[in-house]
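# Summary of structural features
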Amino acid sequence: MDRAQFLRLGVAGAAAAAGAGVLAGPAAAALPVPKPQGDDVGFLSFGAVAELTSLAWYRRALRVRGFSAGERRRLTAAATAKRAHLQRINAALGADALLPGDFAANFPASSLASRGRAIAVGREVEDLLVGVYLNGAAFARDAATRLLIGRLLAYDAQQLSWLRGLTGGLAGAGLPSPATLEQAGARLDALVTTPSFTNS
């Protein structure tokens, strides 16, 4: 079998699968509603706090000097996406959703003093999201929750790659490793505060 025959077989097989309804896309049916079970709530709860922190970073990075006009457009678009991600996660969490004032980003002033330092913080948050989402995509019990986490993972992997490229780093440095909630939570803790708890 030559390459052309192989490719034709692949296309024919895909067409047959689509005709049989195997490849049902979002246009064919609505995406399933996540119903997190057990540890699924932990993956999404971490995601909510980290996405909130990431949203704050993208907004504050817009005030840092040194980003080009194109980079600022990407930062603005990412902030819009992060806000939507947080809303999706909260909708999936239901009664366990993150409430206003539960957490707030807490970046050291020096971390936003220059473009390079700001990017380092953005990379840290995106790295945490990728690690935990990778874990959740593998081990979440509810299939619809795994799908949501997988979609979030795909976005944040792109953002992490972009941020690495801004400082001349490799867009991809091998396969990412999953992070446990304990590992990632300890790192995220340095970047957040809990206003409602502090004031109670």
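Every value quoted in this text rests on a predicted model; they were computed, and no experiment measured them.

### Here's the deal with the overall build of the chain
Across its full length, the chain holds seven helices and two strands. The N-to-C order of helical and strand elements in the chain reads α-α-α-β-α-α-α-β-α. Burial analysis of the chain (200 residues in total) assigns 34% to the buried set. Taking as baseline every contact in the chain between residues at least 6 positions apart, the subset at least 24 positions apart corresponds to 80%. Surface exposure of the chain reaches about 11,100 Å², of which carbon and sulfur atoms provide 59%.

### Description of the packing of aromatic side chains
Following the criterion strictly, the structure yields one aromatic pair and no others. Between Trp-57 and Tyr-58, the ring centres sit 4.8 Å apart and the planes meet at 80 degrees, which makes this aromatic pair edge-to-face. Exposure class is identical for Trp-57 and Tyr-58. Each is buried.

### A closer look at the environment of Gly-47
Tracing the backbone shows Gly-47 in helix H2 (residues 40-61). Spatially, the C-alpha atoms of Gly-47 and Leu-128 are 9.2 Å apart, while their sequence positions differ by 81 residues. The contacts of Gly-47, once residues within four sequence positions are left out, are Ile-89, Leu-129 and Tyr-133.

### Quick notes on H2
Helix length check: H2, at 22 residues, gives a terminal C-alpha distance of 31 Å against a target of 32 Å (1.5 Å per residue), a fit within 8%. For H2, the buried fraction is high: 16 of the 22 residues fall into the buried class.

### Brief notes about the packing of H2 against helix H6 (residues 181-188)
The geometry of H2 relative to H6 is characterised by a closest axis approach of 11 Å and an angle of 25 degrees between their N-to-C directions. By the angle between their axes, H2 is roughly parallel relative to H6. The hand of the H2/H6 crossing is left-handed. Across from Gly-42, Phe-43, Phe-46, Val-49, Ala-50 and Thr-53 in H2, the residues of H6 making contact are Leu-181, Ala-184, Gly-185 and Leu-188. Of the residues in the contact of H2 with H6, the class split is seven nonpolar, three polar and no charged.

### What to know about the environment of Glu-182
Here Glu-182 is to be found in helix H6. Taking C-alpha positions, Glu-182 is 9.8 Å from Val-132, a pair spaced 50 residues apart along the chain.

### Section: the side chain of Glu-71
One can find Glu-71 in helix H3 (residues 69-93). Residue Glu-71 is classed as buried on the basis of its relative accessible area, which comes to 15%. Dropping the residues within four chain positions of it, Glu-71 is found in contact with Gly-66, Arg-115, Trp-162 and Leu-166.

### Overview of the confidence of the model for the chain
For the chain, per-residue confidence averages 87 on the pLDDT scale, and 81% of positions sit at 70 or higher. Within the chain, helix H1 (residues 3-19) has the poorest average pLDDT of any element, 47, and H3 the best, 98. Contacts for the low-pLDDT stretch residues 11-23, under 50 throughout, to residues beyond four places or in other chains number four contacts.

Here is what the cut-offs are and how they apply
Residues numbered from 1 in each chain as written. Predicted model: local features only at pLDDT ≥ 70, side-chain atom pairs only at ≥ 80, totals over all residues. Heavy atoms only, no water. Helix = DSSP H or I, 4+ residues; strand = E, 2+ residues; numbered from the N terminus. Buried < 20%, exposed > 50% of the residue type's maximum accessible area, 1.4 Å probe, protein only. Contact = heavy atoms within 4.5 Å. Areas by Shrake-Rupley, 256 points an atom, 1.4 Å probe, with all protein chains shown as cover. Phe/Tyr/Trp six-rings, centres within 6.5 Å; stacked < 30°, edge-to-face > 60°. Expected span 1.5 Å × (residues − 1). Axes fitted to C-alpha atoms, helices over the stretch in contact; angles between N-to-C directions. Parallel < 35°, antiparallel > 145°, perpendicular 65-115°, else oblique. Left-handed = near helix turned anticlockwise from the far one by under 90°. Nonpolar A, V, L, I, M, F, W, Y, C, P; charged D, E, K, R; others polar. pLDDT = per-residue confidence, 0-100.

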